[in-house]
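These are the residues of each chain, in order.
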Amino acid sequence: MESTTHGTAADFATLFPQYRPTDLVELPRLAATARVGRVFAKLESQRPFGNFKVLGGMLAGLRALVRASGAASLQDLLAGGTRQPGLPRLICASDGNHGLSVALAAQRAGAEARIYLPASVGPVRVQRIADRGAQIVIVDGSYDDAVDAAAAAAAAGDGLLIADTDPDPANHVVADVMAGYRLITDELGVQLRELGVRPGHAFVQAGVGGLAAALADGLRPHMGGAARLVVVEPAAAACVARALEMHKPTLIEGDLHTVAEMLACGLASAAALPALRRAGATAVAVDESGLAEAVYLLRQSGGPESTPSGAAGLAGLLRVAGDPALFEAHGLAGDSDVLLVVTERAPEIDGNGG
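Rules used in this analysis
Residues numbered from 1 in each chain as written. Predicted model: local features only at pLDDT ≥ 70, side-chain atom pairs only at ≥ 80, totals over all residues. Heavy atoms only, no water. Helix = DSSP H or I, 4+ residues; strand = E, 2+ residues; numbered from the N terminus. Buried < 20%, exposed > 50% of the residue type's maximum accessible area, 1.4 Å probe, protein only. Contact = heavy atoms within 4.5 Å. Pairing = 2+ DSSP bridges. Axes fitted to C-alpha atoms, helices over the stretch in contact; angles between N-to-C directions.

Trainee: Mind showing me how you'd approach the environment of proline 249 here?
Mentor: With respect to the helices, strands and loops of the structure, proline 249 is situated in the loop between α10 (239–246) and α11 (273–278). A relative accessible area of 28% means that proline 249 is categorised as partly exposed. Along the primary structure proline 249 and valine 147 are separated by 102 residues, whereas in three dimensions their C-alpha atoms are 14 Å apart. With near-sequence residues (within four places) excluded, proline 249 lies in contact with Ala243, Leu267, Ala268, Ser269, Ala270 and Leu273.

Trainee: Sorry if this is basic, but what is going on with the sheet that holds strand β8 (residues 228–234) here?
Mentor: The pairing of strands in a sheet happens through backbone hydrogen bonds and is either parallel or antiparallel. Judged by pairing direction, the sheet is mixed, and its six strands sit side by side in the order β1-β2-β10-β7-β8-β9 without closing on themselves. With one partner strand each, in any of the chains shown, β1 (24–26) and β9 (282–286) form the two edges of the open sheet. Averaged over all neighbouring strand pairs, the angle between strand axes comes to 25 degrees, with direction disregarded. Looking at chain direction, strand β7 (residues 201–205) and strand β10 (residues 337–342) are connected through three bridges and run parallel. When the sheet's bridge partners are listed, alanine 202 is paired in β10 with leucine 339. Strands in contact with helix α13 (residues 312–321) are β2 (38–43), β7, β8, β9 and β10; relative to β9, the strand with the most contacts, it is inclined by about 95 degrees.

Trainee: How do you make sense of helix α9 (residues 210–219) when you look at a structure like this?
Mentor: Helical periodicity: at 3.6 residues per turn, an α-helix aligns residues three or four positions apart in one direction. Among the ten residues in α9, nine count as buried, and that is most of the element. Residues of α9 that are buried include every one of Gly210, Leu211, Ala212, Ala213, Ala214, Leu215, Ala216, Gly218 and Leu219, and no others. Looking at the buried residues of α9, the elements they touch are α8 (172–195), β7, β8, α11 and β10.

The structure is reproduced here in structure tokens:
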């Protein structure tokens, strides 16, 4: 199965017959706060199960099972019933959302899943994955330690690794994950044209950088001529900024703890860097108070209930807007149109996510 955006849309519609694009909303109060012209937010918090990761891990996991099983198509794979003998186990590392999406892939296909989580992942996120029938392995260490543990298990023959990051920029599973995220820009292209808007800036949060890279490529036709992509990271885990500076993924040592727990990554994805470099992406780091405050400001300005990870793009915009030197350096002005992505809703209010 080819990793095309057309294939992603068709596959996603197969998985979720009630599929509709997530909303793109304008938030005038945030524009006033940031001293820019207009602010638009793509509400990926509306996706099934509450976050954009379902576009990547779930589809990549199912595509891997199609290849491994010899099924003719995704539809052929899913027609096999509840528990299919002979299907390989799916394995991944996660801070929570990617693991949920891979567990959903295994559940839908009738396969097993084993998800490696760092000990910092909260109990609500752990339970959401376990509720999908996945085996949980808690790793005493960081997200990057969980990545290493999952890769070692797959190398030992325990199952198929459905990674969203890899040192090999040509990893086809990572490419499937990022291709899934391109559905966001397919939808945005239609929505922005309907509004007659071509944003000049996009502030996009990053863990390992896969979402930012997918948007870097997919948004280019829909933004203004001198468009700028700004990658937003927690100051404690700014691995994409380090990779852009060093021209290769370079591990950040030390404690990566952050309130933006989905972004607590110490090593950027090699597959993400080419797209970010092509886009001339820059990076901004936000401290813990800024990440936490963005959740409140998003809600107070008419946006959805989210998390420090989900609202991190807004935190980056406000960080830049609050510093005149950064405001100028990033090319912002009083008439700038800015795009944000709200990547998740708070899991505590998520229920079963649809």
